[in-house]
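Breakdown of the fold
This is what each chain is made of:
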Amino acid sequence: PDKCGIDILPQNEYNDIKHVIAVMSGKGGVGKSSVSALVALSLANKGYQVGVLDADITGPSIPKMFGVSGVPQHDENVMYAKMTEKGIKIMSLNLLLENEDQPVIWRGPIIAGAVKQFWTDVAWGKVDFMVVDLPPGTGDVPLTVMQSLPLDGVIIVTSPQDLANMVVRKAVNMVNHMNIPVLGFVENMSYLRCPDCGKEIKVFGESHAASLATSMGLRLLENLPIDPALAELSDAGQIEKYDRELFKGLDDIIINRVTS
Ligand code: ADP
């Protein structure tokens, strides 16, 4: 390991994972898991092989949004990633819990160890883009992921309420410290579009995302609206049916920045 403790884990013989992108937020509830899922979906819709490594056990889970459940198949060597209807591969601690309502009463380092095993002991097969949904904040699990997975970049998800807060800067500083490129910000829940007149209502006030991003030398990649359809489809396990054009180029940025 070097001075940041970076000790990138090798891939196992089952896997050919080309690029890894992590999705991070300063705090919970800003829509980080939703953005992870939507990034995965938009890349899959472009024909790429996509995996989602769910390292966030705090929120409504990635498996739930994609409607996958049940303990993954395994043999003595590996566990096989679950497949969604669209062929997105998924692994999550939530799949391994008998009852998703149970809290995971493991300490951070134990969870971090489990997340490492999602890299070393899971058969993902061929993956062009692996999206890692990190838990909110800058704790053990994000640190372990940054130290042990070969991250090509990190997307920071914020909400308008979030931005006055130090937590976003903390997250960015952590990624910078680990010498991993920050691809930029995605501001979620930026506005609500009135279904009658089409006007954008700034529920949480004017956005500071662009100026915050600029002050850190970063880009605001996207402003996502509050969309009840997204919440409904996620709750129903059908996020793959969400067909609104969202990432006007975020996926291109990912593809270009990460593969160049
Ligand atoms: P986080 O991962 O940051 O904790 P989630 O992605 O789990 O946040 O989102 C929290 C809740 O908000 C979920 O119920 C999700 O469906 C909902 N949500 C997230 N983003 C949006 C959005 N843009 N429009 C509507 N609901 C959203």
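Predicted, not measured: the structure shown is a model, and the values here were computed from it.

Backbone geometry places Asn179, a non-glycine residue, at a positive phi of 60°. Note that Asn179 resides in the loop between helix 6 (166–177) and strand 9 (182–187).

This part is about the sheet that holds strand 1 (residues 16–25). With mixed pairing, 8 strands are arranged side by side in an open sheet as 4-5-2-7-1-8-9-12. In this open sheet, the two strands that pair with only one neighbour each are strand 4 (82–83) and strand 12 (220–223). As paired strands, strand 2 (residues 50–54) and strand 5 (residues 89–92) are joined by 4 bridges and run parallel to one another. Directly across from Asp54, in strand 5, lies its bridge partner Ser92. Against the sheet, helix 1 (residues 32–45) touches strand 1, strand 2, strand 7 (126–133), strand 8 (153–158) and strand 9, its axis set at about 165° to strand 7.

Residues in close proximity to the ligand total 18 residues, the closest being Gly31, Lys32, Ser33, Ser34 and Ala231. Among the residues making up the shell around the ligand, the classes are represented as 7 nonpolar, 9 polar and 2 charged.

It is worth spelling out the UniProt feature "binding site: ATP" (unreviewed entry) in the protein chain at this point. Residues annotated by UniProt as "binding site: ATP" (unreviewed entry) correspond here to Gly26, Lys27, Gly28, Gly29, Val30, Gly31, Lys32 and Ser33. Take Lys27: it is sitting in the loop between strand 1 and helix 1. Sequence-distant contacts of Lys27, that is, excluding residues within four places in its chain, are made with Pro136, Gly137, Asp162 and Val167. Among the secondary structure elements, Gly29 is positioned in the loop between strand 1 and helix 1.

Relative to the helices and strands, Asn99 is located in the loop between helix 3 (93–96) and helix 4 (108–120). Exposure remark for Asn99: the 5 C-beta atoms within 10 Å place this residue in the exposed category. The spacing of Asn99 and Ala171 is 72 residues in sequence and 31 Å in space, taken between C-alpha atoms.

Let us now look at the nonpolar core. Residues Val23, Ala40, Val131, Val132 and Ile156 are the most contacted members of the largest nonpolar core, which totals 67 residues. With sequence-adjacent residues up to four places away left out, Val132 is seen in contact with Val20, Ala22, Val23, Leu53, Ala55, Val145 and Leu149.

The subject of this paragraph is the packing of helix 4 against helix 5 (residues 140–148). Helix 5 packs onto helix 4 with a crossing angle of 35° between their chain directions and a minimal axis gap of 8 Å. For helix 4 against helix 5, the interelement crossing comes out right-handed. Counted together, Gly108, Pro109, Ile111, Ala112, Val115 and Lys116 of helix 4 and Asp140, Val141, Thr144, Val145 and Ser148 of helix 5 form the full contact between these two elements. Residues that form the contact of helix 4 with helix 5 fall into these classes: 6 nonpolar, 3 polar and 2 charged.

Definitions and cut-offs
Residues numbered from 1 in each chain as written. Predicted model: local features only at pLDDT ≥ 70, side-chain atom pairs only at ≥ 80, totals over all residues. Helix = DSSP H or I, 4+ residues; strand = E, 2+ residues; numbered from the N terminus. Pairing = 2+ DSSP bridges. Contact = placed C-beta atoms within 7 Å. Axes fitted to C-alpha atoms, helices over the stretch in contact; angles between N-to-C directions. Near = placed C-beta within 6 Å. Nonpolar A, V, L, I, M, F, W, Y, C, P; charged D, E, K, R; others polar. UniProt positions renumbered as here; feature names shortened; annotations may be inferred. Buried ≥ 20, exposed ≤ 12 C-beta atoms within 10 Å, placed from the backbone. Core = buried A, V, L, I, M, F, W, Y, C linked by C-beta atoms within 7 Å. Left-handed = near helix turned anticlockwise from the far one by under 90°.

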